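Results of the structural survey
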Amino acid sequence: MANQTNKQEDNPLSGKVAVVAGASFGIGAAISKMLAAEGAKVVLVARGEKLLLETKETIEKEGGVVIAVTCDVTKRSEVKEMIRQTENTFGPVDILVNNAGVWHYTFMKYAKEDLWEEIVDVNIKGVLNCIGAVISGMCERRSGHIVNVSSDAGRMPLQGLAIYVGTKHFLEGMSHTLRQEVCHDGVKVTSVQPGPVDTPGLAERVTKMDDECKRRFRYMDEGIKLTAEDAARAVIYALKQPKDVAVNEVLIQPREMPL
Ligand SMILES: NC(=O)c1ccc[n+]([C@@H]2O[C@H](COP(=O)([O-])OP(=O)(O)OC[C@H]3O[C@@H](n4cnc5c(N)ncnc54)[C@H](OP(=O)(O)O)[C@@H]3O)[C@@H](O)[C@H]2O)c1
């Protein structure tokens, strides 16, 4: 018994059930790998099956316990089904990492409304669908941790990213309030706010920037970016705190690019 207690203290994530939305590549894949290395049972969630299964295989080769569930977080019924599969396989969700997110570099004057809608759907509705599927259970069990991967864009204006900035400000306000609502139910809510991170999503979107954005985001060419692992370590840091300690926000940026 004493040994078991020590093990839990040494490795607080061991045996925890962790759902990572947006886990097939980029920051989410890095978070998933680290969670599995810490002994968590990890549920990888994304739309594309091929890369999701590749990440699953990588984790399994390292001895991690993992399942992959294809799911579009913008579809509430798919999210509910993903949580049902999780509970059937591993049991109730201890940790939800809302990492799935999209953005496009375009000034609002170009009125790319389909892109605006996509950003709102994934970054706001997708996060709410995932929280909605787990929050009541966490409060009933008086235990749980929700990590919302926000952005430094949730703390300031960024020309060319107005809709994205708006969704991340929503995430900040919602996280702040949810945290106050559920802290007495034993549930933690952390917002992790990375600056630019070198991921497949960033690399692809940089090639599609408006000319205005190319000027505004010139620092991208100078290689001033975090790695996905840098951002993932911030998530793991928040998750590993003692039960009564809450790391509520983590702003993590390249040293040469403070707010
Ligand atoms: N990269 C940066 O510079 C940066 C900076 C600050 C904050 N962030 C935030 O960090 C998070 C991850 O960014 P990233 O750069 O790692 O992105 P990424 O490389 O584009 O990866 C995004 C992940 O989310 C999944 N995804 C996208 N839409 C989804 C949906 N509707 N349902 C389920 N999964 C979905 C993708 O897989 P599928 O496409 O197969 O679904 C993929 O696994 C985002 O919330 C982003 O806003 C990124």
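Here, the structure is the one placed above.
Residues numbered from 1 in each chain as written. Predicted model: local features only at pLDDT ≥ 70, side-chain atom pairs only at ≥ 80, totals over all residues.

1. Here we look at the site of the ligand
Worth spelling out the cut-off: All residues are tested the same way: a C-beta atom is placed from the backbone, and lying within 6 Å of a molecule or strand makes the residue near it. Note on conventions: DSSP H or I runs of at least 4 residues are helices, E runs of at least 2 residues are strands, and numbering of each starts at the N terminus. Ten residues, namely Ala, Val, Leu, Ile, Met, Phe, Trp, Tyr, Cys and Pro, are considered nonpolar, four, namely Asp, Glu, Lys and Arg, are considered charged, and the remaining ones, Gly among them, are considered polar.
Not every one of the 31 residues close to the ligand is listed here, only the nearest: G22, G26, G48, G101 and G201. At the level of secondary structure, the elements contributing two or more residues to the shell around the ligand comprise α2 (26-37), β2 (41-46), α5 (113-141) and α7 (200-206). A breakdown of the residues in the shell around the ligand according to their chemical character gives 17 nonpolar, 12 polar and two charged.

2. Details of the pairing of strand β3 (residues 65-70)
Two faces, one strand: in a regular strand the side chains alternate between the faces of the sheet. Heads up, the rule is: At least two bridges found by DSSP between two strands is the condition for calling them paired. Crossover handedness is defined by viewing with both strands directed away from the observer: a clockwise path from the first strand over the helix to the second marks the crossover as right-handed.
For β2 and β3, the ladder comprises six bridges, and the chain directions are parallel. Its bridge partner lying in β3, V43 is registered against I67. Each parallel crossover has a hand, and the one from β2 via helix α3 (residues 49-61) to β3 is right-handed.

3. Brief notes about helix α9 (residues 228-239)
Worth spelling out the cut-off: To estimate the expected span of a helix, count its residues, drop one, and scale the result by 1.5 Å. Whether a residue is buried, exposed or partly exposed is read from the other C-beta atoms within 10 Å of its own C-beta, which are placed from the backbone; 20 or more gives buried, 12 or fewer gives exposed, and intermediate counts give partly exposed. The arc in question is the one traced by the directions running from the helix axis out to the C-beta atoms.
For α9, with 12 residues, the first-to-last C-alpha span of 17 Å sits near the 16 Å given by 1.5 Å per residue. Those residues of α9 that sit buried are A228, A231, A232, A234, V235, A238 and L239. The buried residues of α9 occupy an angular sector of 150° when projected down its axis, which confines them to one face.

4. Brief notes about unusual backbone geometry
The bulk of non-glycine residues show a negative phi, and the bulk of peptide bonds are trans. Positive phi, normally seen in glycine, also occurs at A111, with a value near 45°. Within the element layout of this structure, A111 appears in the loop between β4 (95-98) and α5. Even without glycine at this site, R142 takes up a positive phi of about 55°. Here R142 lies in the loop between α5 and β5 (144-149).

5. Here's the deal with the environment of D10
Positionally, D10 belongs in helix α1 (residues 2-10). Remark: the alpha-carbon pair of D10 and K240, spanning 230 residues in sequence, is separated by 9.6 Å.

6. A look at the nonpolar core
In plain terms, the rule: Core membership is restricted to buried Ala, Val, Leu, Ile, Met, Phe, Trp, Tyr and Cys residues, and these are joined into a nonpolar core through C-beta atoms within 7 Å. Each residue gets a C-beta atom placed from its backbone, and two residues are in contact if those atoms lie within 7 Å.
V20, V42, L44, V45 and V97 are the most contacted members of the largest nonpolar core, which totals 65 residues. At eight residues, α5 tops the list of elements feeding residues into this core. Those residues in contact with V97 that lie beyond four places of it in its chain are A18, V19, V20, A21, I31, V147, V149 and V235.

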